[in-house]
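# Fold and geometry: a report
One-letter residues, chain by chain:
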Amino acid sequence: MPCRGSPHRFGDAALERSFWRQQRESNRTIVSHLLGVQTAILLLVGLNHLFNPDFTLLLTVLAAFAALCLQALLLYRSNRGSERVEMVFVVAWTVATVNFMFFQGSQTTLLPTIVAYFAVYTIYPFEFWISVAIGVVLSLGQTISVVVGALPEFQVDQFLATLLVHTWANFIGIYLFITRSRLCRAAFLNARNAICCAQNSHDESLRMNKLLGSALPSHVISSALHNQIGTEVPHLYVQHYTQAT
């Protein structure tokens with residue numbers, strides 16, 4: 001019976017932990033590359049404000065430096081088994097960076113916000129409700145920043161359009177999360193079953209060899225196993241002993 005809290009959980013807690021550990025390990029490289037792309041984007045934004053220094057320049061430089069530190073942390077702790085803590089740091093950096101962009105109070109923050117929570121839904125290995133909560137927080141933050149930034153000339157149509165975009169984007173993100181979860185869990189179970197079958201086959205082979213070894217000489221067993229590898233029909237093995245009664 002599946003565990004409570006998610007419609008896509010395994011029934012075994014140990015198997016569930018193994019699945020999430022495998023997801024964090026496999027997504028580590030993707031997250032590192034994503035941080036590299038985001039660092040380049042932040043540096044380009046900061047370069048645009050270089051000749052007119054302002055608060056945005058300071059934020060982009062600090063965010064880019066934090067992203068480089070996170071990449072170094074991911075590389076340094078690649079084999080230390082602490083992927084969950086590192087992913088929390090990455091998501092915290094993503095949310096903080098996008099929230100700082102909200103101070104601009106314009107629609108230019110809409111696309112970075114959507115990209116951020118699409119990354120949460122499809123790349124960052126978190127459970128369903130955590131991913132949904134992050135997406136909702138980012139959507140609300142961006143919507144509120146647009147409303148506050150446009151207070152003198154606030155338009156209801158602009159607010160409704162922004163709200164509609166976030167609603168559909170979160171809906172698509174949830175759909176992608178559920179689809180990815182089903183595919184990843186199916187692949188994980190198939191790989192686990194294949195490993196279990198191979199292990200069972202190996203164990204059965206060892207038991208058969210032990211059973212044959214208790215009644216037949218070792219050279220007869222070796223000859224039998226060697227001949228059974230091909231496509232020939234198994235035949236009876238006869239061993240003659242000249243000095244036996």
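On a predicted model such as this, the values are computed, not experimentally measured, just so you know.

## Digging into the overall build of the chain
When helices and strands are counted, the chain shows 7 helices and 0 strands. Traced from its N-terminal end to its C-terminal end, the chain shows the element sequence α-α-α-α-α-α-α. Per-residue burial over the chain gives 33% buried out of 245 residues. Of the contacts made within the chain by residues no fewer than 6 positions apart, 67% connect residues no fewer than 24 positions apart. For the chain, the accessible area works out to roughly 15800 Å², and carbon and sulfur atoms hold 68% of it.

## Focus on the nonpolar core
Ranked by size, the top nonpolar core spans 31 residues in total, and within it Val31, Leu35, Trp93, Tyr124 and Leu138 carry the most contacts. With 7 residues, the single largest contributor to this core is helix 4 (residues 110-122). Aside from chain neighbours lying at most four places away, what touches Val31 is Leu74, Met87, Val90, Ile123 and Tyr124. Formed by 5 residues, the second largest nonpolar core is a distinct cluster that contains Leu15, Phe19, Trp20 and Phe188.

## Here we look at a nonpolar patch on the surface
Taken together, the side chains of Leu164, Trp168, Phe171, Ile172, Tyr175 and Leu176 present a nonpolar region at the surface, about 650 Å² in accessible area. Along the chain, Trp168 turns up in helix 6 (residues 156-213).

## Description of the environment of Ala133
Mapped onto the elements, Ala133 comes out in helix 5 (residues 128-149). In the structure, Ala133 is positioned 16 residues away from Tyr117 in sequence and 9.9 Å away in space, judged by C-alpha atoms.

Analysis parameters
- Residues numbered from 1 in each chain as written.
- Predicted model: local features only at pLDDT ≥ 70, side-chain atom pairs only at ≥ 80, totals over all residues.
- Heavy atoms only, no water.
- Helix = DSSP H or I, 4+ residues; strand = E, 2+ residues; numbered from the N terminus.
- Buried < 20%, exposed > 50% of the residue type's maximum accessible area, 1.4 Å probe, protein only.
- Contact = heavy atoms within 4.5 Å.
- Areas by Shrake-Rupley, 256 points an atom, 1.4 Å probe, with all protein chains shown as cover.
- Core = buried A, V, L, I, M, F, W, Y, C linked by side-chain atoms within 4.5 Å.
- Patch = residues over 30% accessible without salt bridge, like charges linked within 9 Å, V, L, I, M, F, W, Y side chains within 5 Å.
- Salt bridge = Lys/Arg side-chain N within 4 Å of Asp/Glu carboxyl O.

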